[in-house]
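# Commentary on secondary and tertiary structure
As a plain string of letters, each chain reads:
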Amino acid sequence: MANLKNFADLKSLSAQLKAESEKKAREKALREEEMRKAAAEANIFRTAVAGVTPVRTVQRHVPETQRPAPLPFQHIADEQAALMESLSDEFDAESLLETDEALSYARPGVGPDIVRKLRKGNWVIQAQLDLHGMRRDQARESLGEFLRKCCKNGTRCVRIIHGKGNGSMNKEPVLKHKVRTWLVQKEEVLAFSQATAADGGSGALIVLLQS
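Residues numbered from 1 in each chain as written. Predicted model: local features only at pLDDT ≥ 70, side-chain atom pairs only at ≥ 80, totals over all residues. Heavy atoms only, no water.

Moving on, we come to helix 4 (residues 136-153). Along its 18 residues, helix 4 runs 26 Å from first to last C-alpha, staying within 8% of the 26 Å computed at 1.5 Å per residue. For helix 4, the set of buried residues is Ala139, Arg140, Leu143, Gly144, Phe146, Leu147 and Cys150. The buried residues of helix 4 occupy an angular sector of 165° when projected down its axis, which confines them to one face. Across helix 4 from its buried face, at more than 90 degrees, point the exposed residues Glu141, Lys152 and Asn153. Count one or two residues on from helix 4 and you reach Gly154, which has phi positive near 80°. (Helix = DSSP H or I, 4+ residues; strand = E, 2+ residues; numbered from the N terminus. Expected span 1.5 Å × (residues − 1). Buried < 20%, exposed > 50% of the residue type's maximum accessible area, 1.4 Å probe, protein only. Arc of directions from axis to C-beta.)

If you want it as structure tokens, here you go:
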């Protein structure tokens, strides 16, 4: 009986080993089939592109975009500022002057007491400009520059010496009339009046500037 049992066990083991061997064989065959398909697909691609040559790359020329010239904003602003500050010799200031002998002037909104104090010399003169003997163009530029500096420094009351015209042709006080014409055009000028005798009389003006 023992011999029959041993024989049966051997037969069962043999069948088990055979089943495992067949399973491994099937798995190996499956892997080989998958590898064969992958190789076939790779060969199909290589065969398809076998006669293809790479496209030659041509160097492209990309032209530079022409940028518009920058707008000279600062230059334009400077030109506009110069135009605003320019003083015209043709401006008619006579209608804006008071009809008193000092030909005083006050910008609209400036009280009459301001002009009275200017006539009496009550304001302290903080700076002065002497235009006496200058030619007209030089005097105009000097006056504009002087007023700009005074406003920048906070100077309120100044004296402008234009002379009495005794040394000019025909003894006419050209600068005396021009200075009044120029001052009326400047927004920073609040008022002006002929100086008192002690400050120059008819040869000078006392000018009040904005604070």
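For the chain, per-residue confidence averages 78 on the pLDDT scale, and residues scoring 70 or more make up 69% of the total. When the criterion is pLDDT under 50, residues 79-84 qualifies, and its contacts beyond four places in sequence or with other chains add up to 0 contacts. (pLDDT = per-residue confidence, 0-100. Contact = heavy atoms within 4.5 Å.)

As a further point, take the pattern of salt bridges. Pairs can form between side chains of opposite charge once their charged atoms are near each other. Under the counting rule described, the total for this entry stands at 5 salt bridges. Between Arg36 and Glu33 there is a salt bridge, with the nearest N and O atoms lying 2.4 Å from each other. One end of the pair, Arg36, and the other, Glu33, are both in helix 1 (residues 2-48), 3 residues apart, so they sit about a helical turn from each other. Of the residues examined, Arg36 reaches a relative accessible area of 48% and is grouped as partly exposed. Relative accessible area serves as the criterion here: at 30%, Glu33 is assigned to the partly exposed category. Linking Arg159 and Asp199 is a salt bridge whose minimum nitrogen-to-oxygen distance equals 3.6 Å. With Arg159 in strand 3 (residues 157-161) and Asp199 in the loop between strand 4 (189-194) and strand 5 (204-209), this residue pair connects regions lying 40 residues apart in the sequence. (Salt bridge = Lys/Arg side-chain N within 4 Å of Asp/Glu carboxyl O.)

The next thing to look at is the packing of helix 4 against helix 5 (residues 174-184). The geometry of helix 4 relative to helix 5 is characterised by a closest axis approach of 11 Å and an angle of 40° between their N-to-C directions. As the angle between them shows, helix 4 and helix 5 are arranged oblique. Our pair here, helix 4 against helix 5, has a crossing hand that is right-handed. Facing Arg136, Ala139, Arg140, Leu143 and Leu147 of helix 4, the residues of helix 5 in contact are Leu175, Lys178, Trp182 and Leu183. Taken together, the residues that form the contact of helix 4 with helix 5 break down as 6 nonpolar, no polar and 3 charged. (Axes fitted to C-alpha atoms, helices over the stretch in contact; angles between N-to-C directions. Parallel < 35°, antiparallel > 145°, perpendicular 65-115°, else oblique. Left-handed = near helix turned anticlockwise from the far one by under 90°. Nonpolar A, V, L, I, M, F, W, Y, C, P; charged D, E, K, R; others polar.)

Right, let's get into the sheet that holds strand 5. Whenever strands of a sheet pair, they do so through backbone hydrogen bonds, lying parallel or antiparallel. The 5 strands are arranged 1-4-5-3-2 in an open sheet whose pairing can be described as mixed. Both edges of this open sheet fall to strand 1 (105-106) and strand 2 (127-130), since each of them pairs with a single strand only. As paired elements, strand 2 and strand 3 share 4 bridges and run parallel to each other. Among the inter-strand pairings, Ala127 is bridged to a residue of strand 3, identified as Val158. (Pairing = 2+ DSSP bridges.)

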